[in-house]
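# A look at the structure
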Amino acid sequence: MEELKNRVEQCTKCPLHKSRNKVVFGNGNYQASVFLIGEGPGYEEDKAGEAFVGRSGKLLDKILLACNFTREAHVFIGNIVKCRPPGNRTPYPEEMEACLPYLEEQIEKVDPAIIITLGATALKGLTGENLKVTRERGKWRLWFNRMLMPTYHPSALLRNPSLKRDAWEDFKKVILKYREIIDQNHPCQYI
Ligand code: SF4
């Protein structure tokens, strides 16, 4: 994984490398059972070189805490693109295409049983299908023998707090699946 990280940190495969401050490779446990995928680094992430450290990251941490998951033990968090799109715009298809092999390699190395896509860009970027997160969220899909749960991006939850209830329902399904296939004794006070 460190070799892959070094490669990604020197990457100039797409124009996003020109405006980045730091590459955001992703954070978490390299042997995690749960792999979360966001869209791309924002301002704070680009500055820190860490995934999900801004307001969205803080909300994501709260959700993970409610699931009794920690970044250190249970999850790895990555993005569809590793460099920040200027002004936080949605990455262009050619940028996602250029970066996707890195994500696929990360998934192969971490070998998670469960993948969670956060938001439409992550869902479309990973599956290559023009799927709507509003329609697909909360429904398990199979992605190359891994269980994939699409849900909202935390930034959508910040913009529209009424979506939080649905997002929590999605994460509850993840906890149940985690108990089913990873650890039947995984504690969670909410479920
Ligand atoms: S976004 Fe991905 S493909 Fe583009 S320069 Fe950064 S690491 Fe390379």
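Residues numbered from 1 in each chain as written. Predicted model: local features only at pLDDT ≥ 70, side-chain atom pairs only at ≥ 80, totals over all residues.

The sheet built from six strands is open, its strands ordered β1-β3-β2-β4-β6-β5 with mixed pairing. Two strands close off the open sheet at either side, each with one partner strand: β1 (27-28) and β5 (141-143). Sheet analysis places strand β4 (residues 114-118) next to strand β6 (residues 146-151), joined by five bridges and oriented parallel. Note on β6: the bridge partner recorded for T117 is P150. Where helix α6 (residues 120-127) meets the sheet, its contacts fall on β2 (34-38), β4, β5 and β6, and the angle it forms with β4 comes to roughly 130°. (Pairing = 2+ DSSP bridges. Helix = DSSP H or I, 4+ residues; strand = E, 2+ residues; numbered from the N terminus. Contact = placed C-beta atoms within 7 Å. Axes fitted to C-alpha atoms, helices over the stretch in contact; angles between N-to-C directions.)

With that out of the way, let us pick up the site of the ligand. Inspection of the region around the ligand gives 14 residues, with C11, C14, H17, C83 and C99 positioned closest. Elements represented by at least two residues in the shell around the ligand include exactly α2 (16-19) and α5 (93-110). Ranked by residues supplied to the shell around the ligand, first place goes to α5 with three residues. Residues that form the shell around the ligand fall into these classes: nine nonpolar, two polar and three charged. (Near = placed C-beta within 6 Å. Nonpolar A, V, L, I, M, F, W, Y, C, P; charged D, E, K, R; others polar.)

Moving on, we get to the environment of N68. Here N68 is to be found in the loop between α4 (55-66) and β3 (75-79). In this structure the C-alpha to C-alpha distance between N68 and T121, which are 53 residues apart in sequence, comes to 26 Å. Those residues in contact with N68 that lie beyond four places of it in its chain are H186, P187 and C188.

Let's shift gears to the pairing of β6. The element β6 is largely enclosed, with a buried count of five among its six residues. In the sheet, β5 pairs with β6 via three bridges, with the strands oriented antiparallel. Bridge assignment links R141 to a residue of β6, and that residue is L148. In sequence, β5 turns back onto β6 through a hairpin of two residues, with F144 there showing a positive phi of about 45°. (Buried ≥ 20, exposed ≤ 12 C-beta atoms within 10 Å, placed from the backbone.)

In this structure, V34, F35, L36, I37, V75, I114 and I116 are the most contacted members of the largest nonpolar core, which totals 47 residues. Looking at this core, the elements that each hand over two or more residues are β2, α4, β3, α5, β4, α6, β6 and α9 (164-181). Considering every element that reaches this core, the biggest residue donor is α5, with five residues. Excluding residues that lie within four positions of it along the chain, I37 makes contacts with G78, N79, I80, L103, I115, T117, L118, A122 and L126. (Core = buried A, V, L, I, M, F, W, Y, C linked by C-beta atoms within 7 Å.)

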